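Chains, contacts and geometry: an overview
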Amino acid sequence: MFHLMFSLPSLYVLARFVWPLPWATGAKVALAIILLVAAQYHLWSRLSSGSVFAPEFPRGLVLVFNWAFGAILLLALMQIALDLTGLMARLLRGSGAIPHGARYAAAIAAMLLSGLGVHQATRVPPLKDVEIAIPGLPQQFDGYTLLQLTDLHISRLFPKEWTQAVVERSNALRVDLVVVTGDLIDGSLEARRADVEPLRRLHARDGVWVIPGNHEYFFDYEAWIRHYADMGLRVLANDHVVLKRGGGELVLAGVTDLSAPGTRHPAPDLSAALAGAPSDVPILLLDHQPRNAAQAAARGVALQLSGHTHGGMILGLDRLVARSNNGFVSGRYTVGGMTLYVNNGTALWPGFALRLGRPSELTRITLRRTAQQGSHHVQPAMGSGLRQPATVAAR
């Protein structure tokens, strides 16, 4: 069913774009074969590694497959638009033949847009500054900076060199805290060991904290969690720590992913994550998927950081992604007095690496005090200077 679903755009292109072309039959058959091979990218991925989530081809071939698959999808959408236009013309004027020039223009536009989309998806992300006011934030944490990375999907498409560039850009920001909200990898530990190694050098004054995403559970969860810890990444799986600065405190909590029970691992448990946490202290929650934000708000969480959606990847498609995530897909939301920030992602799944209008991001968040309890008034980011590190007290 998975492979059939991803084949549908190519079948539509074959029927409505390739077959009507005024070409020799042999040329159309050759083009059809190329399209069908490209459309089965996920099948070839499964054959190469045993998983559709970790293609183990050379990076150049992964890039070509993503470009071709994206072009097919975009061309299918453009062909549908042409067909609807032709149908309307037929109903209104009695004639609705689609000029071959329009077909060629659609194909060229699809290929160019797909190339742009792959470039946008695979670049090292630009910095995005966000400032969030937190009710009850201690004075000592006013101006506290944290960097959110998420959905790195380190793989053949996002290899060691890309990871190293992300780490260097992140370290240069000199933030107080780094959080990684899941989906760090695509592939087995054996296959990705060298590609993730640069994460060992990722650092911040108060540490680098990680939660699992759904992709961690696809590839030997226990082995990856141990390896994260060995690299100095501190894992919060239904757990919390207390960040301390002078007399001020901030709770940093993290939960497992909603998909965990499917692999017989502990489900996300906010009660367990907050057990023993000090009362009347603002809570910053890391939850890979944003859909349970209302439950977090009901528990008094002040700020939830999530990823998973990749921002919807493409304008228009983001509306479909939002529907499967309780309406949350990209950016900032207010949920029952809590601020939810859904990060577009540092990278994305190498099975569909296309971004148009939903850019990747390195997200630097500056926390600010607010005078009105329960109010989440947000102002443009102002940046921050150097500060002394907070004391991190694990429970």
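Described below are features of the structure shown in this document. Fair warning: this is a prediction, and the values are worked out from it, not measured in the lab. (Residues numbered from 1 in each chain as written. Predicted model: local features only at pLDDT ≥ 70, side-chain atom pairs only at ≥ 80, totals over all residues. Heavy atoms only, no water.)

**Observations concerning the overall build of the protein**
Threshold: Note on conventions: DSSP H or I runs of at least 4 residues are helices, E runs of at least 2 residues are strands, and numbering of each starts at the N terminus. Each radius of gyration reported is based on C-alpha atoms, and the globular scaling rule is 2.2 Å times the count of residues to the power 0.38. Here the accessible surface of atoms and residues is derived via Shrake-Rupley with a 1.4 Å probe, and residues count as covered only by protein chains that are part of the display. Residues counted as positive are Lys and Arg, residues counted as negative are Asp and Glu, and His and the chain ends are not counted. A single reference atom marks each charge: NZ on Lys, CZ on Arg, CG on Asp, CD on Glu.
If you tally the helices and strands in the protein, you get 11 helices and 13 strands. The C-alpha radius of gyration computed for the protein amounts to 23 Å, which stays within 12% of the reference 21 Å derived for 395 residues, consistent with globular compactness. Taking the principal axes of the C-alpha coordinates as reference, the protein spans close to 80 × 50 × 40 Å. For the protein, the accessible surface area stands at approximately 16600 Å², while carbon and sulfur atoms represent 61% of it. Between the averaged position of the 35 positive side-chain charges in the protein and that of its 27 negative side-chain charges there is a distance of 7 Å.

**Describing the packing of helix α7 (residues 189-196) against helix α8 (residues 221-230)**
For clarity, the threshold we go by: Inter-axis angles, ranging from 0 to 180 degrees, are taken between N-to-C directions of lines fitted to C-alpha atoms, where helices are fitted over the stretch in contact. These descriptions rest on fixed angle ranges, namely under 35 degrees for roughly parallel, over 145 for roughly antiparallel, 65 to 115 for roughly perpendicular, and the rest for oblique. Left-handed is the label given to a crossing in which the near helix is rotated counterclockwise from the far helix by less than a right angle, and right-handed is the label when the rotation is clockwise. We call two residues contacting when some pair of their heavy atoms lies within 4.5 Å. When residues are sorted by character, Ala, Val, Leu, Ile, Met, Phe, Trp, Tyr, Cys and Pro go into the nonpolar class, Asp, Glu, Lys and Arg into the charged class, and all the rest, Gly among them, into the polar class.
At their nearest, the axes of α7 and α8 sit 12 Å apart, and the two run at 25 degrees to each other. In this view, α7 runs roughly parallel relative to α8, as classed from their interaxial angle. You can see that α7 and α8 cross each other, and the crossing is right-handed. When α7 is examined against α8, the residues Leu-189, Arg-192, Arg-193 and Val-196 are found in contact with a partner set consisting of Ala-223, Trp-224 and His-227. A class-by-class count of the residues in the contact of α7 with α8 yields four nonpolar, one polar and two charged.

**Quick look at the pairing of strand β2 (residues 145-149)**
Just so we agree on the cut-off: Residue exposure (1.4 Å probe, protein chains only): buried if accessible area is under 20% of the type maximum, exposed if over 50%, otherwise partly exposed. In this analysis, strands are considered paired if DSSP registers two or more bridges between them. A clockwise course of the path from the first strand over the helix to the second, judged with the strands pointing away from the viewer, identifies a crossover as right-handed.
Counting buried residues in β2 gives five out of five residues, a clear majority hidden from the surface. Where burial is concerned, the two faces of β2 agree: the one with Thr-145, Leu-147 and Leu-149 and the one with Leu-146 and Gln-148 are both buried. Bridge analysis of β2 against strand β12 (residues 362-370) gives four bridges, and the strand direction is antiparallel. Of the residues in β12, the one forming a bridge with Thr-145 is Thr-366. Both β2 and strand β3 (residues 177-181) contribute to a ladder of four bridges, which runs parallel. Note that in β3 the partner of Leu-149 across the bridge is Val-180. Between the parallel elements β2 and β3, the chain passes through helix α6 (residues 160-171) in a crossover that is right-handed.

**As for helix α3 (residues 41-49)**
Under the convention used in this document: Arc definition: it is the arc formed by the directions from the helix axis to the C-beta atoms.
Among all positions of α3, only Tyr-41, His-42 and Ser-45 are buried. An end-on view of α3 places all buried positions within 95 degrees of arc, on one side of the element. Backbone geometry just downstream of α3 places Gly-50 in the positive-phi region, at approximately 85 degrees.

**Some words on the environment of Lys-160**
Among the structural elements, Lys-160 can be located in helix α6. Taking the relative accessible area as the measure of exposure, Lys-160 reaches 40% and is therefore partly exposed. Spatially, the C-alpha atoms of Lys-160 and Val-196 are 6.4 Å apart, while their sequence positions differ by 36 residues. If near-sequence neighbours (up to four positions away) are discounted, Lys-160 is found in contact with Ala-194, Asp-195 and Pro-198.

**Quick look at helix α2 (residues 25-39)**
What counts is decided by this rule: By this rule the span expected of a helix is its residue count minus one, scaled by 1.5 Å.
The terminal C-alpha atoms of α2 lie 21 Å apart, and with 15 residues this matches the ideal 21 Å at 1.5 Å per residue to within 8%. Along α2, the residues classified as buried are Lys-28, Ala-32, Leu-35, Ala-38 and Ala-39. An end-on view of α2 places all buried positions within 125 degrees of arc, on one side of the element. In α2, the exposed residues that point more than 90 degrees away from the buried face are Gly-26 and Ile-34.

**Here's the deal with the pattern of salt bridges**
A side chain of one charge can pair with a side chain of the opposite charge when the charged atoms of the two come close. Here is the rule: When a carboxyl oxygen of Asp or Glu is within 4 Å of a side-chain nitrogen of Lys or Arg, the pair counts as a salt bridge.
The final tally for this structure, using the stated rule, is 14 salt bridges. The shortest N-O distance in the salt bridge between Asp-83 and Arg-16 comes to 3.0 Å. Here Arg-16 lies in helix α1 (residues 2-18) and Asp-83 lies in helix α4 (residues 59-93), a separation of 67 residues in the sequence. Arg-205 serves as the salt-bridge partner of Asp-176, at 3.5 Å between the closest nitrogen and oxygen. Of this pair, Asp-176 sits in the loop between α6 and β3 while Arg-205 sits in the loop between α7 and β4 (208-211), placing them 29 residues apart in sequence. In this structure Asp-176 comes out as buried when scored by relative accessible area, which is 0%. A network of salt bridges, in which partner residues are shared, links Glu-56, Arg-156, Arg-192 and Asp-195.

**Focus on the sheet that holds strand β1 (residues 127-135)**
Taken together, the six strands give an open sheet; going across it, the order is β1-β12-β2-β3-β4-β5, and neighbouring strands pair in mixed fashion. Strands at the two margins of the open sheet, each flanked by one partner only, are β1 and β5 (234-235). One ladder, built from nine bridges, connects β1 with β12; its direction is parallel. The residue bridging Ile-134 from the neighbouring strand is Arg-369, located in β12.

**Here's the deal with the packing of aromatic side chains**
Which entries qualify depends on this criterion: Side-chain rings of Phe, Tyr and Trp (the six-membered ring for Trp) are treated as a pair once their centres are within 6.5 Å; stacked means planes under 30 degrees apart, edge-to-face means over 60, and tilted covers the remaining angles. To sit over a ring, a charge needs its Lys NZ or Arg CZ within 6 Å of the ring centre and within 35 degrees of the ring normal.
Summed over all chains, the structure comprises 11 aromatic pairs. The interplanar angle of 15 degrees and the centroid separation of 5.0 Å between the aromatic rings of Tyr-41 and Phe-65 together place this pair among those described as stacked. Of the two residues, Tyr-41 sits in helix α3 while Phe-65 sits in helix α4, which places them 24 residues apart along the sequence. With a relative accessible area of 11%, Phe-65 lands in the buried category. Here the aromatic cluster, defined as three or more aromatic residues joined through ring pairs, consists of Phe-53, Phe-218, Phe-219 and Trp-349. Residue placement shows Lys-28 over the ring face of Trp-19; its charged tip is 4.6 Å from the ring centre. Across the ring face of Phe-141, the terminal group of Arg-245 is positioned such that the distance to the ring centre comes to 5.7 Å.

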